[in-house]
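If you want the building blocks of each chain, they are given just below.
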Amino acid sequence: YGNRSHKPYKDMKDDFRDIIVRTIGRGGNVIIPAFAVERTQDLIYTLSVLIKEQSLPKVPIIIDSPLAIRATEVFRRHLKELDSDTQDMIKSGHNPFEIPGLRYSMTSEESKSLNEMKGGAIIISASGMADAGRIKHHLKHNLWRPESTVVFVGYQAEGTLGRRILDGEKKVRIHG
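Procedures and definitions
Residue positions are given per chain, counted from 1 along the sequence in the order it is written. Restriction of local features to residues with pLDDT of at least 70 applies here, the model being predicted, together with a cutoff of 80 or more for giving and counting side-chain atom pairs; totals for whole chains, interfaces and linings are based on all residues. Note that water and hydrogens are dropped before the side-chain values are worked out from all heavy atoms of the structure. Buried means the residue's accessible area, taken with a 1.4 Å probe over protein chains only, is under 20% of the maximum for its type, while exposed means over 50%, and partly exposed covers the values in between. Note on conventions: DSSP H or I runs of at least 4 residues are helices, E runs of at least 2 residues are strands, and numbering of each starts at the N terminus. DSSP bridges decide pairing: two strands pair if at least two such bridges lie between them. A helix is expected to span 1.5 Å multiplied by its residue count minus one. Contacts are assigned to residue pairs with any non-hydrogen atoms lying within 4.5 Å of each other. Fitted lines through C-alpha atoms give the axes, limited to the stretch in contact for helices. The angle between two N-to-C directions lies from 0 to 180 degrees. A crossing counts as left-handed when the near helix is turned anticlockwise from the far one by less than a right angle, and as right-handed when that turn is clockwise. Side-chain classes are defined by residue name, with Ala, Val, Leu, Ile, Met, Phe, Trp, Tyr, Cys and Pro counting as nonpolar, Asp, Glu, Lys and Arg as charged, and the others, Gly among them, as polar. As used here, the arc belongs to the directions running from the helix axis to the C-beta atoms.

Side chains of strand S4 (residues 122-125) alternate between two faces, with Ile122 and Ile124 and Ile123 and Ser125 buried alike. Here 4 bridges tie strand S1 (residues 30-33) to S4, and the two strands are oriented parallel to one another. Bridge pairing links Pro33 to Ser125 in S4. Relative to S4, strand S2 (residues 61-64) runs parallel, the two being bridged by 4 bridges. Looking across to S4, one finds that Ile62 is bridged to Ile123.

For helix H1 (residues 9-25), which comprises 17 residues, the first-to-last C-alpha distance of 24 Å matches the rise-based estimate of 24 Å (1.5 Å per residue) to within 8%. Considering only its buried residues, H1 is in contact with S1, helix H2 (39-52), S4 and strand S5 (149-150). Looking one or two residues past H1, Gly27 carries a phi angle of roughly 85 degrees, positive in sign.

Turning next to the packing of H2 against helix H3 (residues 66-77). Viewed as axis vectors pointing N to C, H2 and H3 meet at an angle of 65 degrees, and their least axial separation amounts to 9 Å. In the crossing of H2 with H3, the sense of the turn from one axis to the other is right-handed. Only Ala68, Ala71, Thr72 and Phe75 of H3 make contact with H2, whose side of the interface consists of Thr40, Gln41 and Ile44. Its residues placed into classes, the contact of H2 with H3 shows 4 nonpolar, 3 polar and no charged.

With that out of the way, let us pick up the sheet that holds strand S3 (residues 102-104). An order of S3-S2-S4-S1-S5 is seen for the 5 strands of this open sheet, with the pairing classed as parallel. Of all the strands in the sheet, just S3 and S5 have a single pairing partner and so form its edges. Contacts from H1 reach S1, S4 and S5, with the element oriented near 135 degrees to S1.

Our focus in this paragraph is the side chain of Lys13. Note on placement: Lys13 falls in helix H1. In this view, Lys13 contacts Thr46, Val49, Leu50 and Glu53; residues no more than four positions away in its chain are not counted.

Quick look at helix H6 (residues 135-142) now. Residues spaced three or four apart along an α-helix face the same direction, because each turn holds 3.6 residues. For H6, the set of buried residues is Ile135, Lys136, His138, Leu139 and Asn142. Burial along H6 is one-sided: seen end-on, the buried residues are contained in an arc of 160 degrees. Check the buried side of H6 and you find it contacts S1, S2, helix H5 (108-114), S4, S5 and helix H7 (161-166).

Right, let's get into the pairing of S1. Neither face of S1 is left uncovered, since the one carrying Val30 and Ile32 and the one carrying Ile31 and Pro33 both have all their residues buried. Sheet analysis places S1 next to S5, joined by 2 bridges and oriented parallel. Paired with Val30 across the two strands is Thr149, which belongs to S5.

Below you can see the structure in the form of structure tokens.
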């Protein structure tokens, strides 16, 4: 996929956990630009697994995208359609969409208030390539903070803000 080989899920999950633990330990926020449909729900699932394993510190996890919130609600309403691993998790009493600390930020006022959070949170926001939407505000307020981390979990096309950051550009313009 994407002209690259990808790590097995367990290795990716462990790397993701380590990034979160280090960032929260420094007092920073983990900012994740993510596509609203499927990628955000995959992230919620992975965070749920890490919480079930008790390998993450307790921090707020915020989904900050009205579209991602609506898509997640579709997943929640159709749990029986999810894969066997998710079904097994649900049967064991752990619904991946009902995890401690998970909040949904629907309004622009709620989204803006997230930029005041400095003590450690995981913020998942659209758009996946960081070119539009609420994620740009979170990048503006966190990208410059050495204690915070931006985690790219999807393809970053040439010319996008996400690609420029990923390629190591030292200065980027966000909202002028």
